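Summary of structural features
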Amino acid sequence: MSTTPWWRDAVIYQVYPRSWADGDGDGVGDLPGITSRLEHLVSLGIDALWLSPFYTSPQNDAGYDVADYRDVDPLFGTLEDFDALVERAHALGLRVVVDVVPNHSSSEHPWFQAALAAGPGSPERARYVFREGRGTDGELPPNNWTSNFGGPAWSRLADGSWYLHLFDVTQPDFDWTNPEVRAELESVLRFWLDRGVDGFRIDVAHGLVKAEGLPDADLTLDPHRDPTGLLPMWDQPGVHEIYRDWRRLTDTYADDRMLCGEAWVGPPEALARYVRPDELHQTFNFSFLLTPWDAAALRASITTSLASAADVGAPQTWVLSNHDVVRHATRLGRADASRTVVTEGIGPDDEQPDAELGLRRARAATALMLALPGSAYLYQGEELGLPDATELPEDVLQDPTWERSGHARRGRDGCRVPVPWAPAGSSLGFGPKGDPWLPQPEAYARLSPASQDGVEGSTLELYRSLLRARRARSLGLGRLRWVEHQDPDVLWFVVSTDAGDTTVVTAVGASPVTLPADPAVVVSSEPLTGSTVPAGVTVWLDGAVAPI
Ligand code: NOJ
């Protein structure tokens, strides 16, 4: 029996519960809907699913504002529905990872309600970050921090005190210097571990600890790219102590329970500190996600990512899309892919993507990613080639970013549109009836699994082939060796495993790449023309193949 823990090379599929499958026809996805669709994941060939929050919540940030960490919001079902989902998933051989949101709660959480009622200086307030304001009457916020969604990170109560919220006003930050907070969140972990979950995705994992004294921040720094430790709210050294505690906790459970941190930490060596042997098992590799479609940049990102993880003895992870960013099938089809890749969103007045080019590159990018050593994350619908909804009317937008930025940033609704399961019907098979909570773009009708199942060359069949071959060749456990090619726009590498060698070639630029005659193609993101890899295509070849 293999002693390799499952997460080292796992492919983990993110289900965004409100948008994957609607069991009861209210237009919002739910847990019974998810359970009813798990066979789709089996036929896809993934190892685990990660569920974004389904906990009790006023849904001001789509569930990342948790009011009860130990219950299911009625919108999504019940705890029994959750148990049924886990049971079915496990019976099908799928692991289940859930989200934990430890940086902040909802303002409707009983702790915050108690803090409001108890007043300044109370132990109830000490669970959150309450401070006096600056200025003659405390009328100015305690420091210059801004919310990730726009506007100040502080709100003032009628009694004059201010509370910190790095996100929405309804998401007050916990004070992690308070042992009560630490104990509570550990108890939440145990609650779900005891219910059988296989791991956690940790929301805002780099934000829990703030610099002492809460000093002003240099707001010219970009927390997605610049060294975040320089910013007093991100990547502070004390955060690692929390994850050591959490690791000790998960290690007391059998079956390799896993912790994956969502840490938007710039320098790779800083990110790697989160996956030292006694801390988390994984972090998301957002620098890979942010890398433009450029051969030199991709090669540098892959090389640095592998080296920094290896330095601490951890496997690397890879991701191209999630519920916070413009889908890769859309952003890779735009000339300007830089500004929009994170949370800005694309609207009808912005540059529209070239859908065909975007999908072609997205398929090549995924084929590249799934050959890389380590673990990979997929976002629901990317296996169907779904684009972002880039023409959503303003009156349907729900991301708090839209309001808090004074309508300057559209936010993330475009990647959160309900998934189509059928080519027709009011919500394209998302639910049994009713309109979906966000309108689906016209293009979704031809992209449902029903339209792609068994269709040669479809994106769904491509993903299935890639995942099958990745598993058969144990690519996630491989070693990568770059091979030089005369064309700088070509990526060429060999992945070696106990199962043999696989050569991966991506024609990133505008020119095709000629392979040696009669190439032994394992899988290709588009058909080859003879022995030529067309521009914008990735191919996997059997064996260690040298360029001609
Ligand atoms: C990261 C989550 O992915 C995002 O959706 C959420 O808005 C913020 N954290 C705040 O919880």
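Given the structure is predicted, the values throughout are model-derived calculations rather than measurements.

Conventions we followed
Residues numbered from 1 in each chain as written. Predicted model: local features only at pLDDT ≥ 70, side-chain atom pairs only at ≥ 80, totals over all residues. Heavy atoms only, no water. Patch = residues over 30% accessible without salt bridge, like charges linked within 9 Å, V, L, I, M, F, W, Y side chains within 5 Å. Areas by Shrake-Rupley, 256 points an atom, 1.4 Å probe, with all protein chains shown as cover. Salt bridge = Lys/Arg side-chain N within 4 Å of Asp/Glu carboxyl O. Lys, Arg positive; Asp, Glu negative; His and termini not counted. Charge placed at Lys NZ, Arg CZ, Asp CG, Glu CD. Helix = DSSP H or I, 4+ residues; strand = E, 2+ residues; numbered from the N terminus. Phe/Tyr/Trp six-rings, centres within 6.5 Å; stacked < 30°, edge-to-face > 60°. Lys NZ or Arg CZ within 6 Å of the ring centre and 35° of its normal. Near = heavy atom within 4 Å. Polar contact = N/O pair within 3.5 Å; in protein donor to acceptor, adjacent residues only side chain to side chain. 1 Å grid on protein atoms, 1.4 Å probe; cavity = no way out; pocket = protein on both sides within 12 Å on 5 of 7 lines; lining within 4 Å. Sits in = over half its atoms within 2 Å of the grid points. Pairing = 2+ DSSP bridges. Axes fitted to C-alpha atoms, helices over the stretch in contact; angles between N-to-C directions. Parallel < 35°, antiparallel > 145°, perpendicular 65-115°, else oblique. Left-handed = near helix turned anticlockwise from the far one by under 90°. Contact = heavy atoms within 4.5 Å. Nonpolar A, V, L, I, M, F, W, Y, C, P; charged D, E, K, R; others polar. Domains from an automatic or database assignment. Buried area = accessible area lost by both parts, 1.4 Å probe. Points joined across faces, edges and corners; volume = space filled by probe spheres on them.

**Observations concerning a negative patch on the surface**
A cluster of acidic residues, Asp349, Asp350, Glu394 and Asp395, forms a negative patch on the protein surface. Inspection of the secondary structure assignment puts Asp395 in the loop between strand E13 (375–379) and helix H12 (400–404).

**Let's talk about the packing of aromatic side chains**
The full count for this structure, using the stated rule, is 26 aromatic pairs. Taking the centre distance of 5.9 Å and the plane angle of 15 degrees together, the rings of Phe112 and Phe130 count as stacked. Pair noted here: Phe112 is in helix H4 (residues 110–118) and Phe130 is in strand E6 (residues 130–131), with a separation of 18 residues, a long-range link. Linked through ring pairs, Tyr69, Trp111, Phe112, Tyr128, Phe130, Tyr163 and Phe174 together constitute an aromatic cluster. The cationic tip of Arg127 hangs over the ring face of Trp111; the distance from NZ or CZ to the ring centre is 4.2 Å. Cation over ring: Arg410 sits above Trp402, and NZ or CZ is 5.7 Å from the ring centre.

**A word on the site of the ligand**
For the ligand, the set of nearby residues contains 13 residues, the closest of which are Asp61, Arg201, Asp203, His323 and Asp324. In the model, an oxygen atom of the ligand is placed 2.6 Å from a nitrogen or oxygen of the Asp61 side chain. One nitrogen or oxygen atom from the side chain of Arg201 is found 2.9 Å from an oxygen atom belonging to the ligand. Within the complex, the protein chains bury 97% of what would otherwise be the 300 Å² of accessible surface of the ligand. According to the grid-proximity analysis, the pocket containing the ligand is the largest pocket.

**Quick look at the sheet that holds strand E20 (residues 537–542)**
Taken in spatial order, the five strands make up an open sheet running E14-E15-E16-E20-E18, and their pairing is antiparallel. If you trace the sheet from one side to the other, it starts and ends with strand E14 (479–482) and strand E18 (521–524), each paired once. Sheet twist, expressed as the average angle between the axes of neighbouring strands with direction ignored, equals 20 degrees. As judged from the six bridges shared by strand E16 (residues 500–507) and E20, these two strands associate in the antiparallel manner. What sits directly across from Val505, in E20, is Val539.

**A few points about the packing of helix H5 (residues 179–194) against helix H6 (residues 239–251)**
At a minimum axis distance of 11 Å, the contact between H5 and H6 shows a crossing angle of 30 degrees. With respect to H6, the axis of H5 lies roughly parallel. Classified by chirality, the crossing of H6 by H5 is right-handed. Packed against H5, whose contacting residues are Arg182, Leu185, Glu186, Leu189, Arg190 and Leu193, the element H6 presents Ile242, Asp245, Trp246, Leu249 and Thr250 at the interface. Its residues assigned to classes, the contact of H5 with H6 shows six nonpolar, one polar and four charged.

**Looking at the sheet that holds strand E7 (residues 154–156)**
Taken in spatial order, the three strands make up an open sheet running E6-E8-E7, and their pairing is antiparallel. Here the strands that pair on one side only, and so sit at the sheet edges, are E6 and E7. Pairing geometry for E7 and strand E8 (residues 162–164), over three bridges, is antiparallel. When the bridges of E8 are listed, Ser155 appears paired with Tyr163.

**Re the domain arrangement of the protein**
When cut into domains, the protein gives domain 1 (6–103 + 178–463), domain 2 (110–164) and domain 3 (479–542). Centre-to-centre separation of domain 1 and domain 2, based on C-alpha positions: 30 Å. Domain 1 puts 21 residues into the contact, and the matching count from domain 2 is 19 residues. Across the interface of domain 1 and domain 2, roughly 1,600 Å² is buried in total on both sides, 54% from carbon and sulfur atoms. By the criterion of area lost to domain 2, the three top residues of domain 1 are Leu214, Asp216 and Arg404, representing 35% of everything that side buries. Put simply, domain 1 and domain 2 have two salt bridges between them. Of the charged contacts in the structure, one is a salt bridge between Glu180 and Arg127, with a shortest N-O distance of 2.8 Å. Our enumeration of links across domain 1 and domain 2 arrives at 10 residue pairs in polar contact (both at pLDDT 80 or more). Put simply, the parts of the chain that give the side of domain 1 that touches domain 2 at least two residues each are H5 and H12. In terms of residue class, the side of domain 1 that touches domain 2 is made up of 10 nonpolar, three polar and eight charged.

**Considering empty space enclosed by the protein**
Where empty space is left becomes clear once a probe the size of a water molecule has been rolled over the atoms. Under the counting rule described, the total for this entry stands at four cavities of 30 Å³ or more. As for the largest cavity, its lining consists of Phe288, Leu289, Thr291, Trp293, Leu298, Leu320, His328, Arg331, Leu332 and Ala365. Within the residue set of the lining of the largest cavity, elements represented by two or more residues are helix H8 (286–289) and helix H10 (328–331). As for the second largest cavity, its lining consists of 13 residues, and the residues nearest its centre are His328, Ala329, Ala362, Glu382 and Tyr463. The element contributing the most residues to the lining of the second largest cavity is helix H11 (residues 355–369), with four residues. Residues of the lining of the second largest cavity, tallied by class, amount to five nonpolar, five polar and three charged.

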